[in-house]
Amino acid sequence: HARRIEGLDKNIWVEFTKMATEYKTVNLGQGFPDFSPPDFAKEAFVKAIAGENFMLNQYTRAFGHPPLVNILAQFFGKLQGRKIDPLTNVLVTVGAYEALFCIFQALIDEGDEVIIIEPYFDCYEPMVKMAGGHPVFVPLRLKPVKADRLLSSGDWELNPAELTSKFTKRTKAIIINTPNNPLGKVYRQEELQVIADLCIQHDVLCFSDEVYEWLVYDGNQHVRIASLPGMWERTITVGSGGKSFSATGWKVGWAIGPDHLLKHLRNIHQNSVYHCPTAAQEAVAQGFMTEFERLGRADSYFTQLPQQLQGKRDRLTRALCASGLKPIVPEGGYFLIADIANLSKSQIDLPDSDDQDDAFDYRVVKWLIKNKGLSTIPVSSFYSYEHKKDFDNYLRFCFVKEDSTLTAAEKILKEWS
Ligand code: PMP
Ligand code: GLN
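As annotated in an unreviewed UniProt entry, the chain carries the name Kynurenine aminotransferase 1 and is attributed to Latimeria chalumnae. UniProt annotates the chain under Sequence similarities (unreviewed entry) with the comment "Belongs to the class-I pyridoxal-phosphate-dependent aminotransferase family." In its Pathway (unreviewed entry) section, the UniProt entry covering the chain states "Amino-acid degradation; L-kynurenine degradation; kynurenate from L-kynurenine: step 1/2."

A. Region of interest: the overall build of the chain. Of regular secondary structure, the chain possesses 13 helices and 16 strands. Over its C-alpha trace the chain gives a radius of gyration of 21 Å, about what one expects of a compact globule, namely 22 Å for 417 residues. Considering only C-alpha atoms, the chain reaches an extent of 60 × 55 × 45 Å along its principal axes. For the chain, buried positions account for 44% of its 417 residues. For the chain, long-range pairs separated by at least 24 residues make up 72% of all intrachain contacts whose partners lie at least 6 apart in sequence.

B. Just the site of ligand 1, in detail. As a structural note, the neighbourhood of ligand 1 is formed by 14 residues, with G95, A96, Y97, F121 and S240 the closest of them. Sorting elements by how many residues they give to the shell around ligand 1 places helix α4 (residues 95-107) first, with three residues. Each residue belonging to the shell around ligand 1 can be placed in one class, and the counts come to four nonpolar, eight polar and two charged.

C. Up close: the sheet that holds strand β13 (residues 335-339). Spatially, β6-β12-β13-β16-β15 is the arrangement adopted by the five strands of the open sheet, whose pairing is mixed. Each having just a single partner strand, β6 (151-152) and β15 (377-378) make up the two edges of the open sheet. Here two bridges tie β6 to strand β12 (residues 326-329), and the two strands are oriented parallel to one another. By the bridge assignment, S152 is partnered in β12 with V329.

D. Spatial organisation of the domain arrangement of the chain. Per the domain assignment, the segments of the chain are domain 1 (3-37 + 300-416) and domain 2 (39-293). Computed from C-alpha coordinates alone, the two centres of domain 1 and domain 2 are separated by 24 Å. Across the boundary between the two partners, domain 1 contributes 36 residues, which contact 38 residues of domain 2. Sorting the residues of the side of domain 1 that touches domain 2 by element identifies α11 (301-322), β12 and β13 as the ones contributing at least two each. Tallying contributions element by element places α11 first for the side of domain 1 that touches domain 2, with seven residues. Tallied by class, the residues present in the side of domain 1 that touches domain 2 amount to 24 nonpolar, eight polar and four charged.

Analysis parameters
- Residues numbered from 1 in each chain as written.
- Chains lettered and ligands numbered in written order.
- Predicted model: local features only at pLDDT ≥ 70, side-chain atom pairs only at ≥ 80, totals over all residues.
- UniProt positions renumbered as here; feature names shortened; annotations may be inferred.
- Helix = DSSP H or I, 4+ residues; strand = E, 2+ residues; numbered from the N terminus.
- Rg over C-alpha atoms; globule rule 2.2 N^0.38 Å.
- Buried ≥ 20, exposed ≤ 12 C-beta atoms within 10 Å, placed from the backbone.
- Contact = placed C-beta atoms within 7 Å.
- Near = placed C-beta within 6 Å.
- Nonpolar A, V, L, I, M, F, W, Y, C, P; charged D, E, K, R; others polar.
- Pairing = 2+ DSSP bridges.
- Domains from an automatic or database assignment.

See below:
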């Protein structure tokens, strides 16, 4: 095999999605909604395939189906307060995954350092490595808080001095993710400003993964780092149609940024994937056109979905507390993580026979799947090898689920406590 894939063969999604299916669990593991996408989006997809314009079943423009890049440019231009050119500032990809892959392949060279904030969406690390780069990790740290309230993802912060110490001559880029997977942290403007200042001072690129941009709770605001002064020229923002319309299987994503960076992404894309399926792009385009008309209004899906999810988040939080776990209430995103360090021995009876080499949270996740029929994801999988052992007592739960799924999970948690 090629050297660039050395040591990258393990993948948590492959491993735990297989187990979740095999054991027929209540699945709060992999992040996807188990409810239907909105009708207007589904109907647009059906029409794209079976409607009068049969050409929507054929190839389209390599760098993005024209209606989609047009509406994305219009939509994000409005949100960012800047003119975005559909042909040079937007690239449509096969999910946010491919946007990330193109970013690293196009802009990271052998020996370049890329700063990754822990906990991070797991694919950043292998993607940096496949490009020949070196990941440099900096953790979010839990600040001291009074014990009389639930913890929030906002209690996890970057230490500015520690972050500054990671910038070297070899630093090419930093990747951020807001709202964050798995913690649910939504970066505040001041926090992003610290990152932006460092990027400008050290002439470093910023890759901003904002796939959960619509999903912020409790009145928090999603701030786009590309909109801070001096950042547009050095930032690529990644989004996801699957996350926007609760249709993760559609795999339509995008990268938005300045032409001098995006032209290199287009080079990778045209020589590898070429283009994302036309009908899925057409459906996402129609979805954004509908949403553009009602942006900020009560009838907007991007207004309604977070309201609905906040209720689901609160429901799962209560169930976890009742079972003796300590959830960290997320400010945004699909997930919450919960501390399992305080569970009693009678609650988790790990057999001596299981894989002792696995981290504690991996063993608990496997035990929960096999013995309780509940799927979750071990949070140490979102940490680098060096730091896993310090963060092996959290499980990640996805709450973007039908109420009946949450009821089934509550029942398991109750019996478990
Ligand atoms: N970034 C983050 C933070 C994610 O959680 C995911 C998972 N969906 C992706 C990127 C990939 O998104 P997509 O499904 O659009 O490829
Ligand atoms: N982003 C989703 C999650 O974190 C799915 C990831 C995947 O399937 N590779 O669960």
